[in-house]
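Given next are the chains, with one letter for each unit.
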Amino acid sequence: MSAVTAGVGDIRKTIEKACSNRDYFGKSTILFTDEIHRFNKASRMRCCKVEDGTITLIAQITENHVEVISPLLSRCQVLKAKSLNNYSIYSKIVGA
């Protein structure tokens, strides 16, 4: 789901589907959200369904994760991806 194009209705539908999948299959839904910091506060609060196991949220944000609201951030584990330099990329390709 892209936060640039999705809205509260999209999140609501996704959470409802995740709830029914959890009840029927007994498993959580993985929700990948690109640029979650672009969601408004109401949309981000809907993503807080992570605490009951309904969804496993994987979100991509830009450098400044402070823009993510604290109730959501407190329920998450933040991992920072670092850029690879040309040597690192070459080493991975040739196996050096």
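Scope of this entry: the structure provided in the associated data block. (Residues numbered from 1 in each chain as written. Predicted model: local features only at pLDDT ≥ 70, side-chain atom pairs only at ≥ 80, totals over all residues. Heavy atoms only, no water.)

**Concerning the overall build of the chain**
How we decide: By definition, any uninterrupted DSSP run of H or I lasting at least four residues is a helix, any uninterrupted run of E lasting at least two residues is a strand, and each is numbered from the N terminus. The protein chains shown are the only cover counted for residues, whose accessible areas, like all others here, come from Shrake-Rupley with a 1.4 Å probe.
Across its full length, the chain holds four helices and two strands. Counting helices and strands in the order they occur from the N terminus, the chain gives α-β-α-β-α-α. Surface accessibility of the chain: about 6900 Å² in total, with carbon and sulfur atoms responsible for 53%.

**Overview of the side chain of threonine 54**
This is how the line gets drawn: Note on classification: 1.4 Å probe, protein chains only; a residue is buried when its accessible area is under 20% of the maximum for its type, exposed when over 50%, partly exposed between these limits. The definition of a polar contact used here is a pair of N or O atoms within 3.5 Å, where within protein one atom must be able to donate a hydrogen and the other to accept one, and adjacent residues in sequence count solely through side-chain atom pairs.
If you trace the backbone, threonine 54 turns up in the loop between α2 (41–46) and β2 (55–60). Relative accessible area serves as the criterion here: at 0%, threonine 54 is assigned to the buried category. At 2.4 Å, the side chain of threonine 54 and the side chain of arginine 22 are in polar contact.

**Concerning the nonpolar core**
Applicable threshold: Nonpolar cores were defined as sets of buried Ala, Val, Leu, Ile, Met, Phe, Trp, Tyr and Cys residues, with membership established by side-chain atoms within 4.5 Å.
Counting residues in hydrophobic clusters, the biggest one holds twelve residues: Ala3, Ala6, Ile11, Ile15, Ala18, Cys19, Leu31, Ile36, Phe39, Ile55, Leu57 and Leu72. Elements with a contribution of two residues or more to this core: α1 (8–25) and β2. For this core, the element with the highest residue contribution is α1, accounting for four residues.

**Thoughts on the packing of aromatic side chains**
Going by this rule: Under the pairing criterion, centres of Phe, Tyr and Trp rings, with the six-membered ring standing for Trp, must be within 6.5 Å; the plane angle then separates stacked pairs below 30 degrees from edge-to-face pairs above 60, leaving the rest tilted.
Overall, the coordinates contain one aromatic pair when judged by the stated rule. Measuring from centroid to centroid gives 4.7 Å for tyrosine 24 and phenylalanine 25, while their planes differ by 90°, and the two rings are edge-to-face.

**Considerations on the environment of aspartate 10**
Our working definition: The contact rule is simple, with two residues in contact once any of their heavy atoms fall within 4.5 Å.
Take aspartate 10: it is sitting in helix α1. For aspartate 10, the residues in contact, after removing those within four places along its chain, are Met1 and Thr5.

**Things to note about the environment of arginine 22**
Its location among the elements puts arginine 22 in helix α1. Given a relative accessible area of 26%, arginine 22 falls into the partly exposed group. C-alpha separation for the pair arginine 22 and threonine 54, spaced 32 residues apart in sequence, amounts to 6.4 Å. In this structure arginine 22 touches Lys27, Asp52 and Thr54, once residues within four positions along its chain are discounted.

Worth remembering: the numbers are spatial, not functional.
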